Amino acid sequence: MTPESLIVETFRLSPLQKAALARLNLHTILDLLYYFPTRYSSISEIKNISELIIGEKAVIYGQISNLKTAKGFKSKMTYAEATIEDRTGKIKTIWFRQPYIAKMFGEGDLVKLSGTVSDKNGAKYLSNPEIEKTKDLPIDAGNSLFKNTDQIGAVSYPVYPETQGITSKWIYHAIDKIIKNGTIEAIVDPIPQEILEKYHLPALKTALVWVHMPKEESHGLIARKRFAFEEIFFIQLLRQKAKKEYEKNKSFFVHAKEEDVNDFISRFPFRPTDAQNKAIEDIYKDLRSEKPMLRLLEGDVGSGKTFVAAAIAYALTQERTQGEFTKLQTAYMAPTEILATQLFENFIKYFSHLPVTIGLVTGSGCKKFPSKVDPTGWTNISKTQLMKWVGGGEVDILVGTHAIIQKSVNFKNLAFAIIDEQHRFGTAQRMKLVKKGQPVPHFLSMTATPIPRTLALTIYGDLDLTLLDAMPPGRKPVITDIIYAKNRDQMYEDIRKELKTGRQAYVICPRIDEPDPEKEMALQAKSVKEEAKRLKKNIFQEYEIDILHGKMTPKEKESIMASFEKKEIDILCATSVVEVGVNVPNATIIIIEGAERFGLAQLHQLRGRVIRSNHQAYCYLLTESFGQKTKDRLHALKTAKNGFELAEMDLALRGAGELGGKKQWGVSDLGMEAIKNLKMVEAARFEAKEMLKKNPSLKKYPLILAKLEGKETVSHFE
Ligand code: ADP
Ligand code: MG
């Protein structure tokens with residue numbers, strides 16, 4: 001048996017087991033060794049608070065109180081503080097740099113904490129412990145958890161994720177055999193020793209033994225830490241290497257003078273925020289450099305990313321000195337037709353005073369501005385025609401959905417590509433805009449996804465980051481309320497008052513149609529169609545109500561959005577199709593029915609639809625679920641200051657495992673554990689950078705190259 005041997009040739013397996021292993025993507029012995037337990041059935045060392053010893057790690061259960069946030073006196077560092085009490089005593093707890101924790105728990109909540117006992121002037125306190133809510137205190141339950149006292153510290157066995165056909169026990173025995181027969185001796189560690197030593201991480205062989213059969217809990221932990229580091233390190237290497245390769249290409253030089261943009265900006269009805277100015281400056285600098293730009297503009301919903309994109313596109317339209325390149329083109333890709341159409345219309349407004357041609361390409365047709373007949377408006381044209389102009393370099397700015405990356409779209413001089421809502425696309429999709437052999441475009445990706453900073457650093461490792469960290473002045477936070485059935489009528493009355501002043505509302509429902517009552521009794525979620533009817537009949541008779549959902553044709557959707565923008569519709573009942581990007585500043589109310597059915601990031605995006613003006617905006621989260629989890633999540637939405645804070649709360653609330661790691665970002669559950677640890681992510685990023693600096697081709701590290709090769713095709717979003 002070698003690490004490369006196939007499992008099917010090494011173990012006797014039933015067809016069911018073979019199928020299961022294939023499903024788990026486990027083929028070689030090494031694959032199996034990299035299939036890690038999700039937990040160990042150990043009994044944690046639960047301590048009474050009175051027994052805590054300074055310097056030791058401990059798990060305690062207790063009631064939380066005196067929650068507050070504060071700022072360090074000298075350091076100015078913000079932190080959360082609380083007291084935890086069990087029947088034996090009390091201890092103070094501090095979470096440095098995590099002030100939001102104080103908002104996530106209520107006075108008197110029962111919690112489980114694990115962390116290290118520290119000491120300040122002789123007083124014990126817990127610093128930065130992990131915290132989660134629990135239903136009951138095990139210590140009160142007659143010390144039943146301490147029955148196996150002789151077992152404390154001894155790990156009984158690892159628990160592996162199972163699938164039909166493969167049990168945790170089978171994996172345990174298989175791995176036991178592999179380890180005992182010495183096969184792992186042949187495995188060479190791809191990570192250089194000096195890196196392991198620097199971060200006190202175990203060598204691969206040791207880590208493999210420890211992760212599968214730790215003799216002490218700490219062995220399991222440190223082994224997991226190593227593999228988490230390894231995963232993040234490889235992702236970083238992959239992304240940064242791709243970035244370096246891309247930067248070897250020739251790109252278009254753009255003069256992009258900051259002074260010149262003032263003319264363009266002065267025509268807007270508002271002044272750019274400092275953050276917007278700074279972003280424009282950053283990007284202009286990139287455009288003037290030799291290298292093609294790869295940049296991510298990350299800004300909360302409503303922070304005004306479109307404006308930045310427009311100011312950059314403007315610099316491109318001013319470029320006239322490129323010799324044979326008379327015009328440089330901009331591509332603007334958006335994830336939905338509604339959004340693409342809206343961006344097309346906005347860009348017409350921004351550029352109509354200039355000799356600029358703008359095109360729109362979506363699955364359902366093409367448009368061009370200006371129209372020959374009416375130079376102030378756009379016209380429908382055939383795709384063939386539009387593509388001819390794009391290919392001839394006569395279209396300056398092409399806005400589109402995915403349709404923009406089809407083979408049939410060929411730019412003459414694509415110099416700048418904007419990817420709106422980057423999280424909806426993959427790196428691979430972005431790269432489809434790059435054609436061989438010509439100067440490559442500068443890329444600006446934009447996103448408002450509330451994901452924790454560590455995750456962003458990881459999955460966007462190939463992008464330079466610009467933060468749009470301020471909202472346009474005067475924006476008031478959306479007043480967010482959680483509404484249960486008994487308060488529904490009052491809510492409608494409050495909303496009526498707002499509608500009377502001329503504002504508009506969205507009502508978001510989880511479903512399009514009413515479910516078949518025979519079949520889906522259990523599914524009580526409201527539907528767009530029925531809810532619209534009900535509201536018109538029983539609640540808002542005096543207002544115009546219409547619907548919008550994904551099953552409508554693009555033409556229908558477009559016409560509904562147009563009427564809503566023109567205020568011919570007061571209340572728009574919609575599915576989450578309005579989630580990204582849609583911008584109707586007069587709509588200041590959003591009701592979200594069945595809020596517990598949406599993810600936090602999605603709820604945040606939905607709510608973002610109503611922070612587009614300086615009118616006070618309202619978000620009503622309706623739920624019939626009284627579960628603690630729902631309450632916590634919705635409460636986080638109510639209290640978080642912005643998307644970034646929300647993301648950190650989400651991470652703390654649900655644990656990294658539930659952030660959709662594998663599915664959404666291509667990061668395994670173990671890798672997601674690392675996401676909780678900013679230091680580790682930064683270390684992995686730093687080491688990847690250093691390694692590429694020393695040896696850009698990585699030829700000196702054949703094992704690493706081999707590892708990366710297998711991953712090259714993996715895009716993190718598909
Ligand atoms: P997002 O960052 O979510 O894409 P948008 O670009 O759609 O946000 O901008 C949201 C709204 O804010 C738009 O109506 C836009 O015109 C407006 N806006 C952008 N920048 C400013 C600013 N500096 N001052 C006032 N309003 C602004
Ligand atoms: Mg946007």
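1. Comments concerning the overall build of the protein chain
- When helices and strands are tallied, the protein chain shows 25 helices and 22 strands.
- By the compact-globule yardstick of 27 Å for 718 residues, the protein chain fits well, its C-alpha radius of gyration being 28 Å.
- If you line up the protein chain on its principal axes, its C-alpha atoms span 90 × 65 × 65 Å.
- Once local pairs closer than 6 in sequence are excluded, the contacts in the protein chain between residues at least 24 apart make up 72%.
- As displayed, the protein chain offers around 33,300 Å² of accessible surface, 52% of which is attributable to carbon and sulfur atoms.
- In the protein chain, the 104 positive side-chain charges and the 89 negative ones have mean positions that sit 2 Å from each other.

2. Thoughts on the side chain of Thr-447
- Tracing the backbone shows Thr-447 in strand β15 (residues 442-447).
- Not counting residues within four places of it along the chain, the set of residues in contact with Thr-447 comprises Leu-296, Leu-297, Glu-298, Gly-299, Lys-305, Gln-422, His-423 and Tyr-460.

3. Some details on the site of ligand 1
- As a matter of local geometry, ligand 1 sits amid 16 residues, with Gln-276, Gly-302, Lys-305, Thr-306 and Arg-612 nearest to it.
- Contact distances for ligand 1 include 2.9 Å between a nitrogen atom and a backbone N or O atom of Arg-271.
- In the complex, the protein chains occlude 88% of the 570 Å² of accessible area that ligand 1 would expose alone.
- Most atoms of ligand 1, that is more than half of them, are within 2 Å of grid points of the second largest pocket.

4. Re helix α17 (residues 528-539)
- An ideal rise of 1.5 Å per residue puts 16 Å on 12 residues; α17 measures up with 15 Å between its terminal C-alpha atoms.
- Buried within α17 are the following residues: Val-528, Glu-531, Ala-532, Leu-535 and Ile-539. The buried residues of α17 occupy an angular sector of 105° when the element is viewed end-on, so they sit on one face. Among the exposed residues of α17, those oriented more than 90 degrees off its buried face are Lys-533 and Lys-537.
- Looking at the buried residues of α17, the elements they touch are α16 (488-500), β18 (504-508), β19 (545-548) and β20 (571-574).

5. Remarks on the domain arrangement of the protein chain
- Domain annotation of the protein chain identifies domain 1 (1-38 + 167-187), domain 2 (43-159), domain 3 (258-289 + 304-447) and domain 4 (479-641).
- Computed over C-alpha atoms, the centres of domain 1 and domain 4 are 50 Å apart.

6. Some points on the sheet that holds strand β9 (residues 329-333)
- Judged by pairing direction, the sheet is mixed, and its 9 strands sit side by side in the order β12-β11-β10-β13-β9-β14-β15-β8-β16 without closing on themselves. At either end of the open sheet lies a strand with only one pairing partner, and these are β12 (379-381) and β16 (464-468). Sheet twist, expressed as the average angle between the axes of neighbouring strands with direction ignored, equals 20°.
- Sheet strands in contact with helix α10 (residues 274-288) are β8 (294-299), β15 and β16, and its direction is about 160° off that of β16.
- Strand contacts of helix α12 (residues 337-351): β9, β10 (358-362), β11 (365-369) and β13 (397-400), with the helix running at about 175° to β10, the strand carrying the most contacts.

7. Structural notes on the layout of surface pockets
- Each pocket or cavity is described by its volume, and for the second largest pocket that value is around 1,000 Å³.
- As for the second largest pocket, its lining consists of 37 residues, and the residues nearest its centre are Phe-270, Tyr-350, Asn-583, Pro-585 and Arg-612.
- If you list the elements that add at least two residues to the lining of the second largest pocket, you get α11 (305-317) and α12.
- Counting residues per element, the lining of the second largest pocket draws most heavily on α12, at 7 residues.
- Residue classes in the lining of the second largest pocket are distributed as 15 nonpolar, 11 polar and 11 charged.
- Structurally, the lining of the second largest pocket is a two-domain feature, drawing no fewer than three residues from each of domain 3 (258-289 + 304-447) and domain 4 (479-641).

8. Some words on the pairing of β10
- With 5 of 5 residues buried, β10 is to be regarded as a mostly interior element.
- Residues Ile-358, Leu-360 and Thr-362 of β10 are buried on one face, and the alternating residues Gly-359 and Val-361, pointing to the opposite face, are buried as well.
- Relative to β11, β10 runs antiparallel, the two sharing 5 bridges. Looking across to β11, one finds that Val-361 is bridged to Cys-366.
- Counting the residues between successive antiparallel strands, the hairpin from β10 to β11 contains 2 residues.
- Of the strand pairs in this sheet, β10 and β13 are connected by 4 bridges, and their pairing is parallel. Among the inter-strand pairings, Val-361 is bridged to a residue of β13, identified as Gly-400.

9. Focus: the state of the cysteines
- For the coordinates displayed, the defined rule picks out 0 disulfides.
- Cysteine Cys-619 is unpaired, with the sulfur of Cys-509 as its nearest cysteine sulfur at 14 Å.

10. A word on unusual backbone geometry
- Cis peptide bonds are those with omega within 30 degrees of zero, and the linkage from Phe-369 to Pro-370 qualifies with -10°.
- Tracing the sequence through the fold places Pro-370 in the loop between β11 and β12.
- Here the phi dihedral of Ala-256 falls at roughly 35°; this positive angle occurs in a residue that is not glycine.
- Its place among the elements puts Ala-256 in the loop between α8 (217-247) and α9 (258-265).

11. Here's the deal with the packing of aromatic side chains
- Evaluated as defined, the whole model comprises 24 aromatic pairs.
- Seen from their ring centres, Phe-268 and Phe-270 are 5.6 Å apart, and the 50° between their planes marks the pair as tilted.
- Between Tyr-332 and Phe-347 the ring centres are 5.4 Å apart and the planes differ by 75°, which places this aromatic pair in the edge-to-face class. With Tyr-332 in strand β9 and Phe-347 in helix α12, this residue pair connects regions lying 15 residues apart in the sequence. The burial state of Tyr-332 is the same as that of Phe-347; both residues are buried.
- Looking at Lys-367, its charged tip hangs above the ring of Trp-378, at a distance of 4.0 Å from the centre.
- The ring of Tyr-34 carries Lys-707 above its face, with NZ or CZ at 4.3 Å from the centroid.

12. Notes on the nonpolar core
- Counting residues in hydrophobic clusters, the biggest one holds 90 residues, and the most contacted among them are Trp-170, Phe-233 and Leu-237.
- Per element, the largest residue contribution to this core is 11 residues, and it comes from α8.
- Looking at which domains feed residues into this core, each of domain 1 (1-38 + 167-187) and domain 3 (258-289 + 304-447) supplies at least three.
- Ignoring sequence-local partners within four residues, the contact set of Leu-237 consists of Ala-688, Met-691, Leu-692, Leu-698, Ile-704 and Leu-708.
- Ile-64, Ile-91, Ile-131 and Ile-611 belong to the second largest nonpolar core, which has 57 residues in total.

13. Some details on the confidence of the model for the protein chain
- On average, residues of the protein chain score 85 in pLDDT, and 90% of them reach the 70 mark or higher.
- When the criterion is pLDDT under 50, residues 139-155 qualifies, and its contacts beyond four places in sequence or with other chains add up to 28 contacts.
- Of the regions scoring below 50 in pLDDT, residues 518-522 engages in 2 contacts with residues more than four places distant in sequence or in other chains.

What counts and how
Residues numbered from 1 in each chain as written. Chains lettered and ligands numbered in written order. Predicted model: local features only at pLDDT ≥ 70, side-chain atom pairs only at ≥ 80, totals over all residues. Heavy atoms only, no water. Helix = DSSP H or I, 4+ residues; strand = E, 2+ residues; numbered from the N terminus. Rg over C-alpha atoms; globule rule 2.2 N^0.38 Å. Contact = heavy atoms within 4.5 Å. Areas by Shrake-Rupley, 256 points an atom, 1.4 Å probe, with all protein chains shown as cover. Lys, Arg positive; Asp, Glu negative; His and termini not counted. Charge placed at Lys NZ, Arg CZ, Asp CG, Glu CD. Near = heavy atom within 4 Å. Polar contact = N/O pair within 3.5 Å; in protein donor to acceptor, adjacent residues only side chain to side chain. 1 Å grid on protein atoms, 1.4 Å probe; cavity = no way out; pocket = protein on both sides within 12 Å on 5 of 7 lines; lining within 4 Å. Sits in = over half its atoms within 2 Å of the grid points. Expected span 1.5 Å × (residues − 1). Buried < 20%, exposed > 50% of the residue type's maximum accessible area, 1.4 Å probe, protein only. Arc of directions from axis to C-beta. Domains from an automatic or database assignment. Pairing = 2+ DSSP bridges. Axes fitted to C-alpha atoms, helices over the stretch in contact; angles between N-to-C directions. Points joined across faces, edges and corners; volume = space filled by probe spheres on them. Nonpolar A, V, L, I, M, F, W, Y, C, P; charged D, E, K, R; others polar. Disulfide = S-S within 2.5 Å. Phe/Tyr/Trp six-rings, centres within 6.5 Å; stacked < 30°, edge-to-face > 60°. Lys NZ or Arg CZ within 6 Å of the ring centre and 35° of its normal. Core = buried A, V, L, I, M, F, W, Y, C linked by side-chain atoms within 4.5 Å. pLDDT = per-residue confidence, 0-100.

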